[in-house]
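Geometric and topological summary
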Amino acid sequence: MKWIYSVSLAVTLAMQPAFADELFGQHPLTPEARDAFVTDLLKKMTLDEKIGQLRLITVGPVVTKEVIRDMIQHEQVGAIFNTVTRQDIRAMQDQVMQLSRLKIPLFFAYDVIHGQRTAFPIPLGLAASWDLDAVAQVGRISAYEAADDGLNMTWAPMVDVTREPRWGRVSEGFGEDTFLTSAMGRTLVESMQGKSPADRYSVMTSVKHFAAYGAVEGGREYNTVDMSPQRLFQDYLPPYKAALDAGSGGVMVALNSVNGVPATSDSWLLKDVLRDDWKFKGITISDHGAIKELINHGVASDPRDAVRVAIKSGVNMSMSDEYYSKYLPGLVKSGEVSEQEIDDATRHVLNVKYDMGLFNDPYSHLGPKGSDPVDTNAESRLHRSEARDVARKGIVLLKNRLETLPLKKSGTIALIGPLADSQLDMIGSWSAAAVAAQAVTLRQGMENAVAGKATLLYAKGANVTDNQGIKDFLNLYENAVQDESRSAQQMLDEAVATAQKADVLVVAVGEARGMAHEASSRSDITIPPSQLKLLDALKATGKPLVIVLMNGRPLALVKEHQQSDALLETWFSGTEGGNAIADVLFGDYNPSGKLPMSFPRSVGQIPIYYNHLNTGRPYNAQKPNKYTSHYYDAANGPLFPFGYGLSYTSFDVSPVKMSATTMPRNGKVTASVTVTNTGDRDGATVVQMYLRDQVASISRPVKELKGFKRIMLKAGESQTVSFPIDVEALTFWNARMQQVAESGKFSVMIGLDSAKTQNAEFTYL
Ligand code: BGC
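Residues numbered from 1 in each chain as written. Predicted model: local features only at pLDDT ≥ 70, side-chain atom pairs only at ≥ 80, totals over all residues. Heavy atoms only, no water.

Here is the rule we go by: UniProt positions are given in the numbering used here, feature names are shortened, and annotations may be inferred rather than shown by experiment.
An unreviewed UniProt entry annotates the protein as Periplasmic beta-glucosidase of Winslowiella arboricola. The Catalytic activity (unreviewed entry) field of the UniProt record for the protein holds the comment "Hydrolysis of terminal, non-reducing beta-D-glucosyl residues with release of beta-D-glucose." Per UniProt, the protein has the following entry under Subcellular location (unreviewed entry): "Periplasm".

Structure, rendered in structure tokens:
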């Protein structure tokens, strides 16, 4: 595979500036050797040098390269963020070696969220693949490309479980489920860090945002989080723990408060849970500017106080502010912060630098001088075929009336919509160093697919939005939405005229990438009105209508669902998105993605998630009763449930077979089904296993995902899929906050989505 490069690491140290010889050498990458080394190094450091290590700086218009040079010379910086080329990184590391007293290497970090030079699908789209091998490949390639740019750390994975489609950052995470998110996070940590973050093509991960950021009230960005300890420990904390158990060297602290305490000032979270209970040995880093925000939170009186609170609460490194350097010396002098507390924080920073191998070779991710790529955006640096393959796996077929899809590569196809030819939107938000101009749009992908066989017509049809306020918002930091010289009516007329010439319509609608990002919360999760108008006009032509959705969150799609003949969820699918979507549209790839989040019918249903409690008065659609838990003006269930997704073939799931009807204490049982491809095409699907604790000391969810397996079946083929169930799958946090597995009956539900399952049960003794 392309990511396994047999590059010999002939880093000739002689070609680099002279090192402080006693610091660098072949230090064994073991915790014992590291502790001894760091203890020794700490003894040589002045208080100011230690405090300097606690500062992570963003290079930009305010803190320019010249300012950084000065800071390096005066030992005022420990790590750099937002510098992404080997040339720039090398220059700074050179300055450390030449200008600083102790020559402690900097580490370099960046938001490598779904690829570095190559954009893979946004994490929500990756989650929709339910394919851990594909996710591992994304992790390895992202780490390879990041390390090849000289980076040592990524601010990923983001494992904030969320039931809030209004929140813009749902695009960055893996959806609503704890088990799926944990699996994704664990896989990314393992694949990005590889055998060791010190390896030439590995990067250290920094799992975020600790903790529970995905539960912000009302989905409003940076808002309050308040939840029971049971829910926190059962549903929201496990993915962070899974990432740390997989070895993540870093933790980014969340911006929000949890139960009234901002995470940045939460010593219970950062010390008791993280360090004492979970035995985390790596580094905690504040989120961007979070320390001074403690003043707004109302837990610190001024910047100095905020620094005192943050360092004492366990925030080791501060991101993008000057406060640690400015106030820690005085706080130590006055005795409000002890030198021991500074030593502890500095030790964590030095530990991760050691683990990154920077004391063996500060240039380990840079290679020898002269080896830097001439063109950082060179085509040869991309991993296109892998990106195409992964993107196809995350695409979810939501509807396919009368086999509208796959399309034939003949006749005339009209491709219409504001997202049909948009490179910028295709790569999605948090696209790291990916270049939009290298992305394949849907238009390009379809042209590639039908070249010489069918006629492809194109019309934009509408703007993503005609709302000036939203346009201004999207254009704040990038040229995201350009004003059309034509009027909305002219675009619409052109689209209808184009549609009339075609046999079938493919319409690409949804969100601009900036609509599903940090600070992009929405109170309305429908497709913007300009595009709905376009859909109405195209529906009126009577032509078969294929809606291709591009978006970073679940949308409310009741009308579009009714209007469409086929509905395809493609998220923001990355550099090779256009080719990947075309592969699915034309049947060169049989869709197999499954939703990692429920799609509500309307905002009013939020929060809506599959693993809810039953309530004392559950609603029964077959036997409606006024005094039951429901809305009288809308259905209870989502439009599309968690785990849902169709295929061009059909599958049958047999009744569940249990290896035994009882499970001994701390023993195991196995649940199996046979899945048969009953259609006439080969295809993959995801078999999902859910459990329910029928009677427990506290009310337990109606179902919880406890296993999944992606399988490929040839037409007519059958496969038996078995899920071992152990005690871990049965445990929960009880009312006294003890983790227990209680005896009694458990339901086992196995299916190809969370709503339609084959059921069995067993008794836990
Ligand atoms: C985000 C983090 C991100 C950081 C650096 C913050 O605003 O919350 O997720 O890693 O910026 O880009």
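From this point, the narrative continues.
**Topic: the pattern of salt bridges**
Opposite charge on two side chains makes pairing possible when the charged atoms of those side chains draw close. Under the convention used in this document: By convention in these notes, a salt bridge is any Lys or Arg side-chain nitrogen within 4 Å of a carboxyl oxygen on Asp or Glu. Helix and strand definitions here come from DSSP, where helices need a minimum of 4 consecutive H or I residues and strands a minimum of 2 consecutive E residues; each element is numbered from the N-terminal end. Think of it in three bands: with a 1.4 Å probe and only protein chains considered, a residue is buried below 20% of the maximum accessible area for its type, exposed above 50%, and partly exposed in between.
Per the counting criterion, the structure on display carries 45 salt bridges. A salt bridge links Arg169 to Glu518; the nearest nitrogen and oxygen atoms lie 3.6 Å apart. On the criterion of sequence distance, the pair formed by Arg169 in the loop between strand S4 (153-154) and helix H7 (178-193) and Glu518 in the loop between strand S14 (504-510) and helix H20 (529-539) is long-range, its members being 349 residues apart. You can call Arg169 buried: its relative accessible area is 2%. In this structure, Asp583 and Arg392 form a salt bridge, with 3.1 Å as the shortest nitrogen-oxygen distance. Of this pair, Asp583 sits in helix H22 (residues 577-585) while Arg392 sits in helix H15 (residues 384-393), and the two are 191 residues apart along the sequence. Each of Arg86, Arg90, Arg117, Asp148, Asp149, Arg200, Asp372 and Arg381 takes part in one network of salt bridges that share partners.

**Notes on helix H4 (residues 86-99)**
Since the α-helix turns once every 3.6 residues, residues separated by three or four places project in the same direction. The following threshold applies: For a helix, the expected span equals 1.5 Å multiplied by the number of residues minus one. By definition, residues are in contact when any of their heavy atoms lie within 4.5 Å.
With 14 residues, H4 should cover 20 Å at 1.5 Å per step; its first-to-last C-alpha distance of 19 Å lies within 8% of that length. If you check which residues of H4 are buried, you get Arg86, Ile89, Arg90, Met92, Gln93, Asp94, Gln95, Val96 and Met97. Taken together, the buried residues of H4 touch helix H3 (65-73), strand S2 (79-81), strand S3 (107-110) and helix H6 (132-148).

**Observations regarding helix H12 (residues 303-313)**
Among all positions of H12, only Asp305, Ala306, Val307, Val309, Ala310, Ile311 and Ser313 are buried. If you follow the buried residues of H12, they end up packed against helix H10 (267-277), helix H11 (293-297), helix H13 (323-333) and helix H14 (339-355). In the stretch just after H12, Gly314 is the one whose phi turns positive, near 110°.

**So, the site of the ligand**
As a reminder, the rule being used: Consider each residue's heavy atoms; a residue with any of them within 4 Å of a molecule or strand counts as near. Whenever a nitrogen or oxygen atom comes within 3.5 Å of another N or O atom, the pair is scored as a polar contact, on the condition that within protein one atom can donate a hydrogen and the other can accept it, and that pairs from neighbouring residues in sequence are kept only if both atoms are in side chains. Computed with a 1.4 Å probe, the accessible areas rest on the Shrake-Rupley method; for each residue, only the protein chains presented here act as cover. Classes in brief: Ala, Val, Leu, Ile, Met, Phe, Trp, Tyr, Cys and Pro nonpolar; Asp, Glu, Lys and Arg charged; the others, Gly included, polar.
Around the ligand, the surrounding shell consists of Phe81, Asp111, Trp155, Arg169, Lys208, His209, Met252, Asp287, His288, Trp430 and Glu518. Note that an oxygen atom of the ligand is positioned 2.5 Å from one of the side-chain N or O atoms of Asp111. A distance of 2.6 Å is found between an oxygen atom of the ligand and a side-chain nitrogen or oxygen belonging to His209. Across the complex, the protein chains shield 91% of the 310 Å² of accessible surface that the ligand would expose by itself. Counted by class, the shell around the ligand contains four nonpolar, two polar and five charged residues.

**A short note on the packing of helix H19 (residues 488-500) against H20**
Quick note on the threshold: Only the stretch in contact is used when fitting a helix axis, every axis being a line fitted to C-alpha atoms; angles between N-to-C directions are given from 0 to 180 degrees. Working rule for handedness: look at the near helix, and if it is turned counterclockwise from the far one by less than a right angle, call the crossing left-handed; if clockwise, right-handed.
In the contact formed by H19 and H20, the axes pass within 10 Å of each other and the chain directions differ by 30°. Judged by the twist between their axes, the crossing of H19 over H20 is right-handed. Within the contact between the two elements, H19 uses Gln489, Leu492, Ala495, Val496 and Ala499 and H20 uses Lys533, Leu534, Ala537 and Leu538. Residues that form the contact of H19 with H20 fall into these classes: seven nonpolar, one polar and one charged.

**Some words on the sheet that holds strand S27 (residues 757-764)**
Formally: Think of it this way: DSSP has to see at least two bridges between two strands before they count as a pair.
Spatial strand order, S19-S27-S26-S21-S22: five strands in an open sheet with mixed pairing. Both outer strands of the open sheet, strand S19 (662-663) and strand S22 (704-713), are each paired with one neighbouring strand and no more. As judged from the two bridges shared by S19 and S27, these two strands associate in the parallel manner. The partner of Thr662 across the bridge, within S27, is Thr763.

**Digging into the packing of aromatic side chains**
Note the threshold: In this analysis, rings of Phe, Tyr and Trp, with Trp reduced to its six-membered ring, are considered paired at centre separations within 6.5 Å, and the interplanar angle assigns stacked below 30 degrees, edge-to-face beyond 60, and tilted for intermediate values. Ring-over charges, as used throughout, are those where CZ of Arg or NZ of Lys falls within 6 Å of the ring centre and within 35 degrees of the ring normal.
Across all of its chains, the model carries 21 aromatic pairs by this definition. Judged by centre distance (4.8 Å) and plane angle (70°), the rings of Trp167 and Tyr213 are edge-to-face. Within this pair, whereas Trp167 is found in the loop between S4 and H7, its partner Tyr213 is found in the loop between strand S5 (204-210) and helix H8 (229-236), the two being separated by 46 residues in sequence. Residue classification places Trp167 among the buried positions, given a relative accessible area of 0%. Assessed through its relative accessible area of 0%, Tyr213 is described here as buried. Ring centres 5.4 Å apart and planes at 20° place the aromatic pair Phe640 and Tyr644 in the stacked group. Its relative accessible area of 16% is what places Tyr644 among the buried residues. Taken together through their ring pairs, the aromatic side chains of Trp130, Phe179, Tyr610, Phe642, Tyr690 and Phe708 make up a single cluster. In this structure, Arg163 packs its charged tip against the face of Tyr609, placed 3.8 Å from the ring centre.

**Thoughts on the environment of Ala634**
If you trace the backbone, Ala634 turns up in the loop between H22 and strand S17 (651-653). Distance in space between the C-alpha atoms of Ala634 and Ser602 is 8.8 Å, their sequence separation being 32 residues.

**Describing the UniProt feature "domain: Fibronectin type III-like" (unreviewed entry) in the protein**
UniProt records the feature "domain: Fibronectin type III-like" (unreviewed entry) at residues 685-754, using the numbering of this structure. Note that residues 685-754 is 0% helix and 57% strand, and that its end C-alpha atoms are spaced 13 Å apart.

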